[in-house]
Each structure stands twice: as structure tokens, then as C-alpha cells.
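Remarks on the overall topology
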Amino acid sequence: MTRTRLMTLAGAVIALAVVAAAIVVVLQTREDDADRATLAGALRLAPADTQRFSWTDWAGVRRQVGLDLTASSPAPAVQDLLDRGFEADLTPSSALGSSAVAMHERLGFSPATLDWELFNQGPGAASLAMRAGEEVDFDAVADALRAEGYAEPTGPDGYWVSDPTRDEITAQVTPELLLIALDPEHSMIYSSDSGTGITAAVDAGARAETEALPAGVVEAAGQPLAASLYTGDQVCNALALARADDTDVAAGRSLIEAAGEVNPLTGFALGAYADGSVRVAMSLATPEQARVNAETRAILASGPAPGQGGDFSERFALQEASVRDDVVVLDLAPVDGAYVLSDLSSGPVLFATC
């Protein structure tokens, strides 16, 4: 074989290798983009020390309430989204509700054009991760931030910093939007009210490997339109009876003693879904504990609600209590007019006891 022929073949092999590598990159990018569209993918972008996660699937909420909004939609349409979302009990997890109209008009993105929002709260800082929808123009967002007095990033991995003297915007949006980082490559926007928070959010988003919640809880939660999720320590400290008054604690202990054995939770999720249902997912240390706790917690979820007032049956009907490995799942059917997600996403919640 001639030298020219060998060189031609070698060139062809190299070209094929380059094409193959490009295909792998494209496929991986598509896979990453698809993953980021899910609750599970969003949770991987959260800072590792997050204890409470508040999820709002804004694209899903817009579909649910029958609104098709764009970047040019008027402010009343954005307010209509908030009103309809509130009535459907799909917005209690959002940190952006009171800021939505101002964001839409002045920052170039808002619940009207975001795919989803994840509000992350940890012991030292809080932050927001937001996936931008197709309507969001990142160049326009940068221009809007500049016009509102945000100082531009000092490097490629930097963030925009608001000017606290510009009361026009700071008085109209949540402090969680004081520092904003843009990642157009992945259609992501990160924000926080502190340098610690924004740095942690950007770093975690770049790694996309956080596993703060047990995998079983995340899998059981699925793809809700809105959800509150807690680590084990946080659900025991903030959602269970720990913050109830003495009378409610005593009543709760009596109900627990009558219901049966309970064990500490290792993770918790409460989500609202497109079919109108609400689901609770609670993980335990072992499948054996889950089987025992399924019965106990089903009893607790069907009786009085000390700390919340009245009975849980006034809020929902317990459709099914099931066990998935080490996770207890309670499927709830809200009573007409009840705001189950709003009521039960803050404590005390008896069936979330530890």
C-alpha cells in the first residue's frame, strides 16, 4: 500500500473518531439537558449542605392553570398566573411570588418564562436555582441587570451584584435576587442574598452531583408541580412536633403511643401533582422500619392534627399507604377547597414525627 494511501486512511480514521466524539458530546449534552428538566436533576444542582428544598415547576404550573405566557406578556397576565397558581395550591414553595411581576418587567425572566425554580435553604445560606425557558434571552437579561444598577461580574465565573441604593428594584424583589449568576450554556440562573450563597450555588450547579436526600425519597416524589423536601435532620427539627406547644406535644405523644412504633426519618417529600393528588414520601433507615412505620403513619395521617388544628380528614382522604423498599408513601386526595401543600409544608405535622 502506498504512503499516500496510508495517509488517506489514517486521515479518514481520525475524521471518524472526531465525528464519533462530537456525537458523544451532543448526546451527553442532550442527556444532561433532559436530566436538568426533572426534580431529581434539579436537586443534584443544590449546595450539598441544603436541608430544605422548595420546588416549583413553573412550566407545569402554567400548563395546569391554562396560561401560555411569553417574555412579552403584560404584567396582569403574570399576576393572573400567581393568582391561579395560589388557588390551585401550586405556589406555596416558591420564593418568587411577590417578585414575579417586577422580575418580568425589569429583569428579563420570571415565573412566566422560567421552566422551574428550586429554593435551597441550608444552615449558613440560602440560594435559588432557576432553569430558564426558551423565552429567556440571556443577553437581554444581562442588559436588564445592567440597566437596574447591578454591577457586572468581574470574571467568567462571577456574578451580578445589585446596588443597595437603587431602591427602585431592591424594594420590589426578594433579597434572594440581590446576587445573580447567569449560565446561558446550561440555561441556568442562580441567585442568593449573600456571597456565600451565590458561590455555593454556582459551584454546586457546575458539579451537579449533590445527594443530600435519600434516592428513594427522590424517586418516590417523581415529578410534582410543587414540593417541599427535607433532609432527615431537618424534618425532625422543623416539620415534626419539635416546634409545637406543650399542649400539642402532649396530644401528639398520646396519639403516637396509641398508633404504634415510629422511627426517625432520613428524608421527607411532600408534593402536589397534575392530577390533583398530593403524595408524601418518607424514608427510614431500613425496609423493616418502613413496613412498621407505614401502618403507624397511616393511622396518624387519618386522625387528629395537633398543632394544625382539627383532623387530617378535613384536609384530605388517605387513598393508600405503601412501602417501596425503605420508603413509606402516602397518597392523599385533597378535600375540595383544602390547601394541603400549604398547610403541611410547615410544622408541626404529626405523621412526620421522629
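The rules behind each value
Here, residues in each chain are numbered from 1, in the same order as that chain's written sequence. Predicted model: local features are reported for residues with pLDDT of at least 70 only, side-chain atom pairs are reported and counted for 80 or more only, and whole-chain, interface and lining totals are derived from all residues. Side-chain measures here rest on the full set of heavy atoms in the structure, leaving out hydrogens and waters. Here, nonpolar core means buried Ala, Val, Leu, Ile, Met, Phe, Trp, Tyr and Cys residues that are tied together by side-chain atoms lying within 4.5 Å of each other. Any residue under 20% of the maximum accessible area for its type is buried, any over 50% is exposed, and the rest in between are partly exposed; the area is computed with a 1.4 Å probe on protein chains only. Contact between two residues is taken to exist if any of their heavy atoms lie within 4.5 Å; hydrogens are not considered. Working definition: a disulfide is two cysteine sulfur atoms within 2.5 Å of each other. Helix numbering and strand numbering both begin at the N terminus, where a helix is a DSSP run of H or I of at least 4 residues and a strand a DSSP run of E of at least 2. Cavity and pocket criteria rest on a 1 Å grid covering protein atoms alone: a 1.4 Å probe that fits but cannot get out defines a cavity, protein on both sides within 12 Å along at least 5 of 7 lines defines an open pocket, and an atom within 4 Å of a point defines a lining residue. Grid points are joined across faces, edges and corners, and a volume is the space filled by probe spheres set on the points. Basically, the charged four are Asp, Glu, Lys and Arg, the nonpolar ten are Ala, Val, Leu, Ile, Met, Phe, Trp, Tyr, Cys and Pro, and anything else, Gly included, counts as polar. The pairing criterion is simple: DSSP has to find at least two bridges between the two strands. Orientation is described by lines fitted to C-alpha atoms, with helices fitted over the stretch in contact, and by angles between N-to-C directions that extend from 0 to 180 degrees. Expected span of a helix, by definition, is 1.5 Å for each gap between consecutive residues, and there is one gap fewer than residues. Note that the arc is defined by the directions from the helix axis to the C-beta atoms. Contacts described as polar in this section are N or O atom pairs within 3.5 Å, which, within protein, must combine one atom able to donate a hydrogen with one able to accept it, while residues neighboring in sequence count only if both atoms come from side chains.

Things to note about the nonpolar core
- Phe109, Leu177, Phe268 and Phe351 are the most contacted members of the largest nonpolar core, which totals 72 residues.
- With sequence-adjacent residues up to four places away left out, Phe351 is seen in contact with Phe268, Val280, Met282, Arg297, Leu300, Ala301, Phe312, Phe316, Leu330 and Leu344.
- Counting 28 residues, the second-largest nonpolar core is a separate cluster that includes Leu45, Tyr190, Val218 and Ala227.

Points about the state of the cysteines
- Enumeration over the complete set of coordinates arrives at one disulfide.
- The disulfide bridge from Cys236 ends at Cys354, spanning 2.0 Å between sulfur atoms. On the S-S bond that ties Cys236 to Cys354, the torsion sits near -80 degrees, and the link is left-handed. With a gap of 118 residues between them, Cys236 in helix α10 (residues 232-239) and Cys354 in the segment after α13 (340-344) connect regions that are remote in the sequence.

Some words on the layout of surface pockets
- Taken as a whole, the largest pocket encloses approximately 390 Å³ of empty space.
- Lining the largest pocket are 22 residues, with Pro156, Asp157, Leu182, Asp183 and Val202 sitting closest to its centre.
- Elements with a contribution of two residues or more to the lining of the largest pocket: β5 (179-183) and α8 (195-207).
- With six residues, the single largest contributor to the lining of the largest pocket is α8.
- Grouping the constituent residues of the lining of the largest pocket by class yields twelve nonpolar, five polar and five charged.
- Of the voids in this model, the second largest pocket is the one considered here, and its volume is about 290 Å³.
- Lining the second largest pocket are 17 residues, and of these Ala88, Asp89, Gly276, Pro334 and Ala338 sit closest to its centre.
- In the lining of the second largest pocket, the residues fall into ten nonpolar, four polar and three charged.

Quick look at the sheet that holds strand β9 (residues 278-283)
- Taking strand neighbours across the sheet as the criterion, the eleven strands line up as β4-β5-β6-β3-β2-β1-β7-β8-β9-β11-β10 in an open arrangement whose pairing is antiparallel. Where the open sheet ends on each side, the last strands, each with one partner, are β4 (160-161) and β10 (316-324).
- Here strand β7 (residues 226-231) runs beside strand β8 (residues 267-272); their pairing, made up of six bridges, is antiparallel. By the bridge assignment, Ser228 is partnered in β8 with Leu270.
- Sheet strands in contact with α8 are β3 (126-132), β5 and β6 (188-192), and its direction is about 155 degrees off that of β6.
- Of the strands in this sheet, β7 and β8 are in contact with α10, which crosses β7 at around 105 degrees.

Considerations on helix α11 (residues 246-259)
- In this model, α11 (14 residues) spans 20 Å end to end at C-alpha, consistent with the 20 Å of a helix rising 1.5 Å per residue.
- If you check which residues of α11 are buried, you get Val249, Gly252, Ile256 and Ala259. Viewed end-on, α11 has its buried residues packed into an arc of 90 degrees, placing them on one side of the element. Across from the buried face of α11, at angles greater than 90 degrees, the exposed residues are Asp246, Thr247, Glu257 and Ala258.
- Looking at the buried side of α11, the elements it contacts are α12 (287-300).
- In this structure Asp245 caps α11, since a side-chain oxygen of it lies 3.2 Å from the backbone nitrogen of Thr247.
- Phi for Gly260, located one or two positions after α11, is positive at around 135 degrees.

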